[in-house]
Amino acid sequence: MPGWLAAGCWGLVAGAALVVGALVAWTVRVPAKVVASVMAFGAGVLISALAFDLVDEAEQSGGLLAVTLGFLGGAVAYVSANAVLSRYGAQHRKRSRDRQPTEEEANGSGAAIAVGALLDGVPESVVLGVSLLSGQGVGVAMLAAVFISNLPEGLSSAAGMKQANRSARYVFGVWVGIAVISGVAAMLGYLLLDGASPFVIAVITAIAAGAILAMIADTMVPEAFSETHVLTGLITTLGFLTAFAIERLG
């Protein structure tokens, strides 16, 4: 299978976790504490993956300057875009309770939530595509991290969308669309960076890592802490340790 096609397929697989989570939330009432616990676990998994699979490898291939520029740039870009979307009602897009506004409460919030979810998912997908450029196959730890973190995101957000009286067509249209775009983003990450210099690849990887860390702090951890409280740190630690073990044993 060509590398670009494999990248697209793996991106689609990771994005499909959003659809699975949304389907569960739409058909079964999952306790908020369970959703938050999985969210905390997923946050720990992502932190481990970006530390050992992304930032460390980027520094080794492109140097500290590339990582610094990319990491800070990714975080600033994400926070800036997230701040704009929050003004239109997307600040609680991962919340499973009645925090998401309806269209009557905030006109355009549905579109803002959809764009926000896309903002959360694209950096993860790009690095999946980039991970295939080494010729060693997709990074198992990173793929597991993205899939595990996407599952509670789809579950929590879809539950919130349902409580905000959004239709099934809207909810599943959002998540299926983002899953497809995730596959395209991974494919483009592979195609556009194939043959690029190690410095450029390191910068792009660090940009994605910075955006992912900002996303974890801005959206995943607050949702997890709102329900799990003092257990959030422990659950997140378990997620980190799980991903670290996968990376070392893989």
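As the structure is a computational prediction, the values presented were derived from the model and not from experiment.

### Describing the UniProt feature "transmembrane region" (unreviewed entry) in the protein chain
Within this structure's numbering, the places UniProt gives as "transmembrane region" (unreviewed entry) are residues 7-28, 34-52, 64-85, 170-193, 199-217 and 229-246. Across residues 34-52, helical content stands at 100% and strand content at 0%; the span's end C-alpha atoms are separated by 27 Å. End C-alpha to end C-alpha, residues 199-217 measures 27 Å, and it is 100% helix and 0% strand.

### Let's talk about a nonpolar patch on the surface
On the surface, a nonpolar cluster with roughly 930 Å² of combined accessible area is contributed by Met1, Trp4, Leu5, Leu12, Val176, Val180, Val184, Leu188, Leu191 and Leu192. Broken down by element, the nonpolar patch gets its largest block of residues, six residues, from helix α6 (residues 168-193). By the element assignment, leucine 12 lies in helix α1 (residues 3-27).

### Considering the confidence of the model for the protein chain
In low-pLDDT regions, the fine details of the predicted coordinates are not to be read closely. A residue-level look at the protein chain finds 87% of positions with pLDDT of 70 or above and a mean pLDDT of 83. Least confident of the elements in the protein chain is helix α4 (residues 109-131), whose mean pLDDT is 74; most confident is helix α3 (residues 64-86), at 90.

### Comments concerning the environment of aspartate 120
Mapped onto the elements, aspartate 120 comes out in helix α4. Separated by 99 residues in sequence, aspartate 120 and threonine 219 have C-alpha atoms that sit 9.2 Å apart.

Basis of the calculations
- Residues numbered from 1 in each chain as written.
- Predicted model: local features only at pLDDT ≥ 70, side-chain atom pairs only at ≥ 80, totals over all residues.
- Heavy atoms only, no water.
- UniProt positions renumbered as here; feature names shortened; annotations may be inferred.
- Helix = DSSP H or I, 4+ residues; strand = E, 2+ residues; numbered from the N terminus.
- Patch = residues over 30% accessible without salt bridge, like charges linked within 9 Å, V, L, I, M, F, W, Y side chains within 5 Å.
- Areas by Shrake-Rupley, 256 points an atom, 1.4 Å probe, with all protein chains shown as cover.
- Salt bridge = Lys/Arg side-chain N within 4 Å of Asp/Glu carboxyl O.
- pLDDT = per-residue confidence, 0-100.

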